[in-house]
Amino acid sequence: MEEVGLGIVGLGNVGSGTLAILAENAGQIALKLGFRLKVVAVCSRTVHTKKLPEALGPVFKTTDWREVVAHPDVQIVAELVGGTTTAAEILDAAIHHRKSVVTANKELMAACGPEIWDRAIRAGINLAMEASVCGGIPIHAVLREGISGDRVQALYGILNGTCNYILTEMEKRNVSLPVVLEEAQRLGYAEADPSADVDGFDARSKLVLLAALAFGEKITPSDIFMEGIRRITEVDFRYANQLKHTIRLICGGRKIPEGLILSVRPALIPVSTILAGVQGAYNAVWVKGKYGEDTFYYGWGAGALPTGVAVVSDLMRVAREIRSGSPQRVSPFAHERLEENLPVSVSLQRRVDDRPGIIAKLAGILASKKIGLEAVLQEPCETKHDLPFVITTEVTSEQSIRDAVDEMSRLDFLREAPLALPMETAL
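Residues numbered from 1 in each chain as written. Predicted model: local features only at pLDDT ≥ 70, side-chain atom pairs only at ≥ 80, totals over all residues. Heavy atoms only, no water.

Colleague: Can you tell me about the overall build of the chain, naming the residues and giving the values?
Modeller: Across its full length, the chain holds 14 helices and 18 strands. Per-residue burial for the chain yields a buried fraction of 55% across its 427 residues. Taking as baseline every contact in the chain between residues at least 6 positions apart, the subset at least 24 positions apart corresponds to 72%. By element, 50% of the accessible surface of the chain is carried by carbon and sulfur atoms, the whole surface being about 18500 Å². (Helix = DSSP H or I, 4+ residues; strand = E, 2+ residues; numbered from the N terminus. Buried < 20%, exposed > 50% of the residue type's maximum accessible area, 1.4 Å probe, protein only. Contact = heavy atoms within 4.5 Å. Areas by Shrake-Rupley, 256 points an atom, 1.4 Å probe, with all protein chains shown as cover.)

Okay, here's the thing in structure tokens:
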């Protein structure tokens, strides 16, 4: 039985999970493909201290990724190191050597995926990146193939398991974000520097890729409005509950006549929706099509084995295409983006020093921006010097809300700047 040779660069969680699956599931993989996948070479800075699965047989080990890319028996290079520096060099070298590439690198593909894909096409090789978003959910395959006959109108997802774990624990236990974040770091859900997760950068990179696949438009990270979850408090969940909503970090994209709206931000979502039930470190994506209506996808968003499954599945698909001589030439980064306009419904939460006329002052600012006030909610509070309350508004434009928040931020009775959360009524 002929084999297709693999070179694995990066033996962290995802790389180790990938090797474990290739070793333990080799028989089933061969039955599905009709040929074997052979791990020819692996690379890691600490490769000589790593114990590889014995079932892989003899494997060339190196600390220099260039030796993997140049190895004559390697036909597919799996880039599993992450980041945008060394990873970019690995992909460039693999394409130069006309080796197909599988990557789990959301950050690199979000930043310059279209250019990398174009070079791969010109070189006549394939590039697959299923593991770059929602590791345990085959959402790329769904959008690229499973529902490709539909026209996607909207896509909303929970794409960062760390943030979802933090928010759901805050809600269940009525504890603060710093407390849960520290727990998440101990459990390995969050990095020592959690900025990429809690500030929204990780989720934004993933939305870039999903938006390109779903809407057929070229997206860059700067196209996407982004807010993280650092300002969310346990008080916010109590008010959200009064509104029969909860709070999640929602990655959203939807078509409107004026263009494509894209955002990553904490949002109020109705508790009756399926996304509201996504707990812990899970990911989920809801897609609305013009013809097929609603579909929903749910699973682990990260982890060595769930993400390893996505990597191995990509390796299998690319290996088939190498054997059949027909690499996939369709790029999900084919179109330029449309201009965006963000008409959303928003709730405003703030903390104030209590004094007469506060609501009237805030209502006056909203009125000056032509924003209709819908309701005001305030829980009883023992102190008059740190009063949280919520204002919900009628549907208005994002720019009007931003202008109002900017003006409110300068009021002397505010203890902190207003927090604006959209109410996702489209879900």
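Colleague: Quick rundown of the side chain of Arg204? Include the residues and the values.
Modeller: Counting through the fold element by element, Arg204 comes out in helix α10 (residues 201-215). Here Arg204 occupies a buried position and makes no salt bridge, while the nearest side chain of opposite charge, Glu107, is found at 8.3 Å. Excluding anything up to four places from it in sequence, Arg204 contacts Pro221, Ile224, Met226 and Val264. (Lys, Arg positive; Asp, Glu negative; His and termini not counted. Salt bridge = Lys/Arg side-chain N within 4 Å of Asp/Glu carboxyl O.)

Colleague: Any details on helix α5 (residues 106-123)? Residues and values, ideally.
Modeller: Helical geometry note: an α-helix holds 3.6 residues per turn, so side chains three or four residues apart project in the same direction. A rise of 1.5 Å per residue sets the reference length of α5, with its 18 residues, at 26 Å; its end C-alpha atoms lie only 22 Å apart and thus fall more than 12% short of the reference. At Cys112, α5 shows its strongest bend, of approximately 85 degrees, with the proline Pro114 following within four residues. Among all positions of α5, only Leu108, Met109, Ala110, Gly113, Pro114, Ile116, Trp117, Ala120 and Ala123 are buried. Contacts from the buried residues of α5 go to α4 (86-96), β5 (100-103), β6 (127-128) and α10. Measuring from the backbone nitrogen of Glu107 back to the side-chain oxygen at the start of α5 gives 3.3 Å, which picks out Asn105 as the cap. (Expected span 1.5 Å × (residues − 1). Bend = angle between axes of the 7 residues up to and from the residue. Polar contact = N/O pair within 3.5 Å; in protein donor to acceptor, adjacent residues only side chain to side chain.)

Colleague: With reference to specific residues and values, describe the environment of Gly161.
Modeller: Relative to the helices and strands, Gly161 resides in helix α7 (residues 161-173). Among the residues examined, Gly161 registers a relative accessible area of 15% and is labelled buried. Separated by 123 residues in sequence, Gly161 and Ala284 place their C-alpha atoms 9.5 Å apart. Not counting residues up to four positions away in its chain, the partners in contact with Gly161 are Gly280, Ala281, Tyr282 and Asn283.

Colleague: So what's going on with the pattern of salt bridges? Which residues, and what values?
Modeller: One pass over the full model with this rule turns up 18 salt bridges. With a closest N to O distance of 3.5 Å, Arg248 and Glu171 form a salt bridge. With a gap of 77 residues between them, Arg248 in strand β9 (residues 245-256) and Glu171 in helix α7 connect regions that are remote in the sequence. The buried category is assigned to Arg248, whose relative accessible area is 0%. For Glu171, a relative accessible area of 30% translates into the label partly exposed. Residue Glu217 pairs with Lys255 through a salt bridge whose shortest N-O separation is 2.4 Å. A residue pair is termed long-range when its members are at least 10 positions apart, and Glu217 in the loop between α10 and β8 (225-226) and Lys255 in strand β9 qualify at 38 residues. Owing to a relative accessible area of 5%, Glu217 belongs among the buried residues under this scheme. In the salt-bridge network here, residues are joined through shared partners; they are Glu169, Lys172, Arg173 and Glu183.

Colleague: So what's going on with the sheet that holds strand β3 (residues 60-62)? Which residues, and what values?
Modeller: One open sheet holds the six strands; their spatial order is β3-β2-β1-β4-β5-β6, and the pairing between them is parallel. A strand with exactly one partner marks an edge of an open sheet, and here the two such strands are β3 and β6. Sheet topology places β5 next to β6; two bridges connect them, and they run parallel. Bridge assignment links Val101 to a residue of β6, and that residue is Leu127. Along the sheet, helix α1 (residues 13-24) makes contact with β1 (3-9) and β2 (36-43), crossing β2 at roughly 150 degrees. Helix α12 (residues 304-324) contacts β1, β2, β4 (76-79), β5 and β6 of the sheet and is inclined by roughly 165 degrees relative to β5. (Pairing = 2+ DSSP bridges. Axes fitted to C-alpha atoms, helices over the stretch in contact; angles between N-to-C directions.)

Colleague: Which residues make up the packing of aromatic side chains, and what values do they have?
Modeller: Applying the stated criterion across every chain, the model contains four aromatic pairs. With centroids separated by 4.9 Å and ring planes inclined at 5 degrees, the aromatic side chains of Tyr282 and Tyr298 adopt a geometry described as stacked. Of this pair, Tyr282 sits in strand β11 (residues 282-289) while Tyr298 sits in strand β12 (residues 293-300), and the two are 16 residues apart along the sequence. Exposure remark for Tyr282: the relative accessible area of 24% places this residue in the partly exposed category. (Phe/Tyr/Trp six-rings, centres within 6.5 Å; stacked < 30°, edge-to-face > 60°.)

Colleague: Now, about the confidence of the model for the chain: what can you tell me, with residues and values included?
Modeller: Predicted confidence across the chain gives a mean pLDDT of 85, with 86% of residues reaching 70 or more. Note on residues 334-354: pLDDT is under 50 here. Beyond four places in sequence and across chains, it has 106 contacts. (pLDDT = per-residue confidence, 0-100.)

Colleague: Lay out unusual backbone geometry in plain terms, naming residues and giving numbers.
Modeller: Even without glycine at this site, Arg98 takes up a positive phi of about 55 degrees. With respect to the helices and strands, the residue Arg98 is situated in the loop between α4 and β5. Of the residues examined, Arg98 reaches a relative accessible area of 55% and is grouped as exposed. Even without a glycine there, the phi angle at Asn174 is positive, about 55 degrees. Note on placement: Asn174 falls in the loop between α7 and α8 (177-187). With relative accessibility at 44%, the residue Asn174 sits in the partly exposed group.

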